[in-house]
Amino acid sequence: MEKSKVYFIKEITPESLIKIYDAMGVNLKGKIAVKISTGEPGGHNFLDPNLIKNLVKKLNGTIVECNTAYPGGRNTNEVHWKTIEEHGFKAIAPCDILDEKNEMSIPVVGGIQLKENIIGENLKNYDSMLMLSHFKGHQMGGLGGALKNMSIGIASSRGKILIHTSGKSEVFEDVFKSDHDSFLESMADADKSVMDFMGRENIVYINIANKLSVDCDCNANPEEPKMADIGIMASTDPVALDQACVDAVYNSPDEGKSHMIERIESRNGIHTIEAADKLGLGLRDYEMIEIY
């Protein structure tokens, strides 16, 4: 049976990030976007700029993000730039809010729920992308990893609402009235559109499984983690990567994992991975290759 390769390193350091990227044997070309979550003000779960800066510099990458749909510290260009600077990202690399000036529609071919995805227009300025994600729980999606970062994360403010409502509404309040599994499937649809737009060979994925709160970086007051850090995983397959991170939570000897598992299961978080697998975005079967 065909399997994807997922690389794993336990130590979470700047040197480990470079080591695991090199282990994949990939060569991202041209102008490289490094997609992260810049994190909501007040929160502390977002990726440490000092952890990622050496890898971003190695790639000569530009940190990219999009504005949020909900009120807070990232929903307008003005407050988002302030957050990017205060959280230390502007100091380590060029940064780009992809929907700062405009958005664009890209097609979802053969999707489960969506026909189009609305993303930050500036993505068209990049040749390749590193999806650099903080793996953790999520208050709506159950879990947040590469697939969520590539779907909700690349969508413009309006696009985020369309994903949450499975393309049925542009009204923010409707986000909380929508069918949940349809939302999870819509994230996978959005992933497919981004992969088709960029070219699958032009995107690689790294998940950093630390600060394993049940809440995501978009939460200004996240719950403290109940389990210990796991490590860094990387792959050219986002489905295998997110599946491997979920499996690592379930297989952890840490008794605190029950907190994360409850969050994943109560939101049916695995369904995004199932939908992405159904769409042919990757494989849930993988070979784990540990790096020392």
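Fair warning: this is a prediction, and the values are worked out from it, not measured in the lab.

Caption draft 1: Summary view of the confidence of the model for the protein. Averaged over every residue, the pLDDT of the protein is 97; the share at 70 or more is 100%. Averaged pLDDT values over the elements of the protein bottom out at 96 in strand 8 (residues 136–138) and peak at 99 in strand 2 (residues 32–35).

Caption draft 2: Quick peek at the pairing of strand 10 (residues 203–209). Along strand 10, seven of the seven residues are buried, which leaves the element largely enclosed by surrounding structure. Alignment of strand 7 (residues 128–134) against strand 10, held across six bridges, turns out to be parallel. By the bridge assignment for strand 10, serine 133 is matched with asparagine 207. Of the pairings in the sheet, the one linking strand 10 to strand 11 (residues 231–235) comprises five bridges and is antiparallel in character. The residue of strand 11 that forms the bridge with isoleucine 208 is isoleucine 232.

Caption draft 3: Focus on the environment of asparagine 202. For asparagine 202, the position within the fold is in the loop between helix 6 (180–198) and strand 10. If we skip the residues at most four places from it in the chain, asparagine 202 touches Leu28, Asp127, Ser128 and Met129. Looking at asparagine 202, its side chain comes within polar contact range of the main-chain oxygen of methionine 198, at 2.9 Å.

Caption draft 4: Expanded view of the pattern of salt bridges. Enumeration over the complete set of coordinates arrives at 13 salt bridges. Aspartate 22 is the salt-bridge partner of lysine 58, the closest N and O atoms lying 3.3 Å from each other. Taken together, the positions of lysine 58 in helix 2 (residues 49–58) and aspartate 22 in helix 1 (residues 14–23) put the pair 36 residues apart, joining distant regions of the chain. Taking the relative accessible area as the measure of exposure, lysine 58 reaches 44% and is therefore partly exposed. Classification of aspartate 22 by relative accessible area gives partly exposed; the value is 41%. In this structure, the salt-bridge partner of arginine 158 is glutamate 170, at a minimum N-O distance of 2.9 Å. Of this pair, arginine 158 sits in helix 5 (residues 157–164) while glutamate 170 sits in the loop between helix 5 and helix 6; the two residues are 12 residues apart in sequence, bridging distant segments of the chain. For arginine 158, a relative accessible area of 31% translates into the label partly exposed. Among the charged side chains, a network of salt bridges with common partners joins Lys35, Glu40, Glu65 and Arg74.

Caption draft 5: Representation of the nonpolar core in the model. Counting 49 residues, the largest nonpolar core has Met129, Phe135, Ile203, Ile230 and Met233 as its most contacted members. Among the elements that line this core, the one with the most residues is helix 7 (residues 238–251), at eight residues. Excluding residues that lie within four positions of it along the chain, methionine 129 makes contacts with Leu28, Ala33, Lys35, Leu123, Ile154, Val194, Met198, Asn202, Ile203 and Val204.

Caption draft 6: Representation of the environment of asparagine 125. Relative to the helices and strands, asparagine 125 resides in the loop between strand 6 (116–120) and strand 7. As for asparagine 125 and alanine 33, which are separated by 92 residues in sequence, their C-alpha atoms are 9.0 Å apart.

Caption draft 7: Geometry of the packing of helix 7 against helix 9 (residues 270–278). Contact pair helix 7 / helix 9: the axes reach a minimum separation of 10 Å and the direction vectors enclose 150°. By the angle class used here, helix 7 and helix 9 are roughly antiparallel. Two packed elements cross with a definite hand, and for helix 7 against helix 9 that hand is left-handed. Counted together, Val239, Asp242, Gln243 and Val246 of helix 7 and Ile270, Ile273, Ala276 and Asp277 of helix 9 form the full contact between these two elements.

Caption draft 8: Up close: the state of the cysteines. According to the stated counting rule, one finds one disulfide in the structure shown. Each disulfide pairs two cysteine sulfurs, and for cysteine 216 the partner residue is cysteine 218, the sulfurs being separated by 2.1 Å. Unpaired in this structure, cysteine 66 has its nearest cysteine sulfur neighbour in cysteine 95, at a distance of 13 Å. Cysteine 66 sits in the buried class, given a relative accessible area of 1%. Of all cysteine sulfurs, the one in cysteine 216 lies closest to cysteine 245, which takes part in no disulfide; the gap is 16 Å.

Rules used throughout
- Residues numbered from 1 in each chain as written.
- Predicted model: local features only at pLDDT ≥ 70, side-chain atom pairs only at ≥ 80, totals over all residues.
- Heavy atoms only, no water.
- pLDDT = per-residue confidence, 0-100.
- Helix = DSSP H or I, 4+ residues; strand = E, 2+ residues; numbered from the N terminus.
- Buried < 20%, exposed > 50% of the residue type's maximum accessible area, 1.4 Å probe, protein only.
- Pairing = 2+ DSSP bridges.
- Contact = heavy atoms within 4.5 Å.
- Polar contact = N/O pair within 3.5 Å; in protein donor to acceptor, adjacent residues only side chain to side chain.
- Salt bridge = Lys/Arg side-chain N within 4 Å of Asp/Glu carboxyl O.
- Core = buried A, V, L, I, M, F, W, Y, C linked by side-chain atoms within 4.5 Å.
- Axes fitted to C-alpha atoms, helices over the stretch in contact; angles between N-to-C directions.
- Parallel < 35°, antiparallel > 145°, perpendicular 65-115°, else oblique.
- Left-handed = near helix turned anticlockwise from the far one by under 90°.
- Disulfide = S-S within 2.5 Å.

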